Amino acid sequence: MSQSKRLHLIRIILLLLCGFFLLPSLLRAQESDNSVFLPLVVNSESASNTKQHSTIFQTLADDENFTIITAALEASNLASTLDGAGNLTFFAPTDSAFMNLPEGAIDTLYANPSLMADILSYHIVTETLSTSGLTNGLTVETLQGSPITFSVNNDTVQIGEATIISPSMEASNGVIYIIDGVLAPATDKSLMVLFEGDILLPVNMNINQSLAAASNSLWPDGIVPFEFDTTASSANVSSANQSVTLQAMQEWENVATVTFVQCADNQCRGHSDSYLHIQNSEENSSSVGMQGGQQVVNIFNWDWPFIIAHELGHALGMWHEQSRPDRDNYIHINEENIKDGEAYNFKIQHHADAYPKATYGLPGDQTYDFDSVMHYGRYDFSICTPRDVYESRCPTALTTIDAKPEYAQWQNRIGQRSHLSEYDALTMSFMYPQANWSFVDKQAELRQDGTFFNPYQRLEQVHELSNVVVWIQPGNYSGGSTLDQPMTLRAPLGHVEIGP
């Protein structure tokens, strides 16, 4: 080897050794100070490429957490909007956010391209919004045309029920904010999906967050404005069907402080902020509780007053009895008899309130309401044909719901549509109580205001109240102060002990 080649090789070895010893210290410097970077030497073309970003759409498409939104954007022809030039902001729901939607919501969107485009364009703002610019109360218009409003509490930024869960990500044509929910225009009541067979839910509703809020969706003072669909179409409600509906309304008015008020001239729009629009349909369905704006109640079985009462029960705030969290203690779901694709209708709603509570320690048939008008029938969603169900020709081997053996006396009575049960009436009366009613429950949570949903925990908390009716749930209430005001004490479920 020539002398010059040896010198050249030595220089290379020395450079490699220097790099080996200097690299750890440079890395440590980078970890301790984000302003220190490795002294990489690249050509000008490579340097230019490292500063470039992908488009919003390509950034999402390259991330495995956004497979649903990217597929939906492509299906709705909005991918090109987020893949082109511009200054955009996109609020990107994760796959987990989509999985928290009601069962069937994604299928509903794919079956209705215009609805899908409507809801996805509501996630796009045609300007770049910086993180520092997202201030409390900020309202901006979306590509869909409806505005979104931001609420900021400390470091939490929300749009409706959706929360921004990461800092903004830069793209070549704007920025991306990752959110944990799916947005939908609040005014668009067409974005609904059937849940549990007859419950209408907003297509973007987060089941895990929103079922618990049912108690917060009651009609103020029990006043429920309504109108019938009387348009000159196949959806109009005849006078005879209106009469049956009024009869069903009367059933609830008889047991609770609820008043259904038909809007003047049967026109609620412009006169009531929230109201029921009752219409003829090919299904029986309703939302749960007051939703705001026009709220559709669909009726098919006009000749069954208590099927209508069932749907009105939903509208007033009741869920199905068999979806309560403790239902498996009392009934058995025969999954093998459920029609394909319908098993989701039997999910337990762990966030729903149940009354009476299992923790009261009452006998099973005094806890679970087998007789409720809000209970599924034993053949609901069965592989047995609807005609055979209607004509009572289904074999007992094809039931979808069975009472457990110790409650076998209820087997042929669950799902009745002939009356309100004792607990239907009692629960609704508590949801919509008289003005002088207060509630006490030894098992109450920390938040206590004396209402049915937030009762007092101790009896002495009502000792200063006068001329009230106090409803006391099961338990021992000894050791309290003297009740020296006139009041009426009632134990609706019994099993109450009051001592010194």
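The structure this text deals with has already been given above.
Since the structure is predicted, the reported quantities are computational estimates derived from the model, not experimental observations.

Caption draft 1: View of the packing of helix H10 (residues 239-253) against helix H11 (residues 305-316). Viewed as axis vectors pointing N to C, H10 and H11 meet at an angle of 55°, and their least axial separation amounts to 8 Å. Put simply, H10 runs oblique to H11. Judged by the twist between their axes, the crossing of H10 over H11 is right-handed. Note on element contacts: H11 touches H10 through Pro-305, Phe-306, Ile-308, Ala-309, Leu-312, Gly-313 and Leu-316, opposite Val-244, Thr-245, Gln-247, Ala-248, Met-249, Glu-251 and Trp-252. Here the contact of H10 with H11 is composed, by residue class, of 10 nonpolar, three polar and one charged.

Caption draft 2: View of the state of the cysteines. Applying the stated criterion to the full structure yields two disulfides. A sulfur-sulfur separation of 2.0 Å characterises the disulfide bridge that pairs Cys-263 with Cys-268. Between Cys-263 and Cys-268, the S-S dihedral sits near 95°, and the bridge is therefore right-handed. Both residues of the pair, Cys-263 and Cys-268, belong to the buried class. Cys-384 shares a disulfide with Cys-394; S-S distance 1.8 Å. When the S-S torsion is -100°, as for the bridge of Cys-384 with Cys-394, the disulfide is left-handed. Remark: Cys-394 occurs in the loop between helix H12 (386-390) and strand E17 (401-403) and Cys-384 occurs in the loop between strand E16 (331-333) and H12; sequence separation between them is 10 residues. Here Cys-384 and Cys-394 have matching classes, each one buried. Each disulfide of the protein chain joins two cysteines, and with those cysteines numbered along the sequence the arrangement is 1-2, 3-4.

Caption draft 3: Up close: the sheet that holds strand E19 (residues 468-472). Taken in spatial order, the three strands make up an open sheet running E18-E19-E21, and their pairing is parallel. Sheet topology places strand E18 (437-440) and strand E21 (487-490) at the edges, where each strand pairs with a single neighbour. Each strand of the sheet is rotated relative to its neighbour by a mean of 25°, with strand direction disregarded. Pairing of E18 with E19, which is carried by four bridges, proceeds in the parallel orientation. Bridge assignment links Ser-438 to a residue of E19, and that residue is Val-470.

Caption draft 4: Highlighting the packing of aromatic side chains. This structure, assessed with the given rule, holds 21 aromatic pairs. Taken together, Tyr-355, Tyr-360, Phe-430, Trp-437, Phe-439, Phe-452, Phe-453 and Trp-471 form an aromatic cluster joined through their ring pairs. Just above the ring of Trp-410 sits the side chain of Arg-413; from NZ or CZ to the centre is 4.3 Å. When the ring centre of Tyr-477 is taken as reference, the NZ or CZ atom of Lys-442 above it lies at 5.5 Å.

Caption draft 5: Broad picture of the sheet that holds strand E3 (residues 139-141). The strand order E3-E4-E5-E6 describes an open sheet built from four strands, whose pairing is antiparallel. Edge positions in the sheet fall to E3 and strand E6 (162-163), since each has one partner strand and no second. Sheet topology note: the E3/strand E4 (residues 147-153) ladder contains three bridges and is antiparallel. Residue pairing for E4: Val-140 is matched across the bridge by Ile-148.

Caption draft 6: Main features of the nonpolar core. With 43 residues, the main nonpolar core has Trp-252, Phe-260, Leu-276, Ile-278, Leu-316 and Tyr-432 as its most contacted residues. Broken down by element, the residue count for this core peaks at six residues, all from H11. With 28 residues, the next largest nonpolar core counts Leu-82, Ile-119, Ile-178 and Val-182 among its residues.

Caption draft 7: Just the pairing of strand E11 (residues 223-228), in detail. Of all six residues in E11, five are buried, a share of seventy percent or more. Taken together, the four bridges between E11 and strand E12 (residues 259-262) define a ladder with parallel strand orientation. If you follow Phe-226 over to E12, its bridge partner there is Gln-262. When E11 meets strand E13 (residues 274-280), the two strands line up parallel, connected through three bridges. Within E13, the position partnered with Phe-228 by the bridge is Ile-278.

Caption draft 8: Seen up close, the pattern of salt bridges. Inspection of every chain in the model, using the stated rule, returns five salt bridges. Among the ionic pairs, Glu-321 bridges to Arg-324, the shortest N-O distance being 3.2 Å. Comparing Glu-321 with Arg-324 shows no difference in burial state: the two are buried. As a salt-bridge pair, Arg-324 and Asp-326 come within 2.5 Å of each other at their nearest N and O atoms. Assigned by exposure class, Arg-324 and Asp-326 land together as buried. If you follow the salt bridges from partner to partner, you end up with Glu-321, Arg-324 and Asp-326 in one network.

So, how was this worked out
- Residues numbered from 1 in each chain as written.
- Predicted model: local features only at pLDDT ≥ 70, side-chain atom pairs only at ≥ 80, totals over all residues.
- Heavy atoms only, no water.
- Axes fitted to C-alpha atoms, helices over the stretch in contact; angles between N-to-C directions.
- Helix = DSSP H or I, 4+ residues; strand = E, 2+ residues; numbered from the N terminus.
- Parallel < 35°, antiparallel > 145°, perpendicular 65-115°, else oblique.
- Left-handed = near helix turned anticlockwise from the far one by under 90°.
- Contact = heavy atoms within 4.5 Å.
- Nonpolar A, V, L, I, M, F, W, Y, C, P; charged D, E, K, R; others polar.
- Disulfide = S-S within 2.5 Å.
- Buried < 20%, exposed > 50% of the residue type's maximum accessible area, 1.4 Å probe, protein only.
- Pairing = 2+ DSSP bridges.
- Phe/Tyr/Trp six-rings, centres within 6.5 Å; stacked < 30°, edge-to-face > 60°.
- Lys NZ or Arg CZ within 6 Å of the ring centre and 35° of its normal.
- Core = buried A, V, L, I, M, F, W, Y, C linked by side-chain atoms within 4.5 Å.
- Salt bridge = Lys/Arg side-chain N within 4 Å of Asp/Glu carboxyl O.

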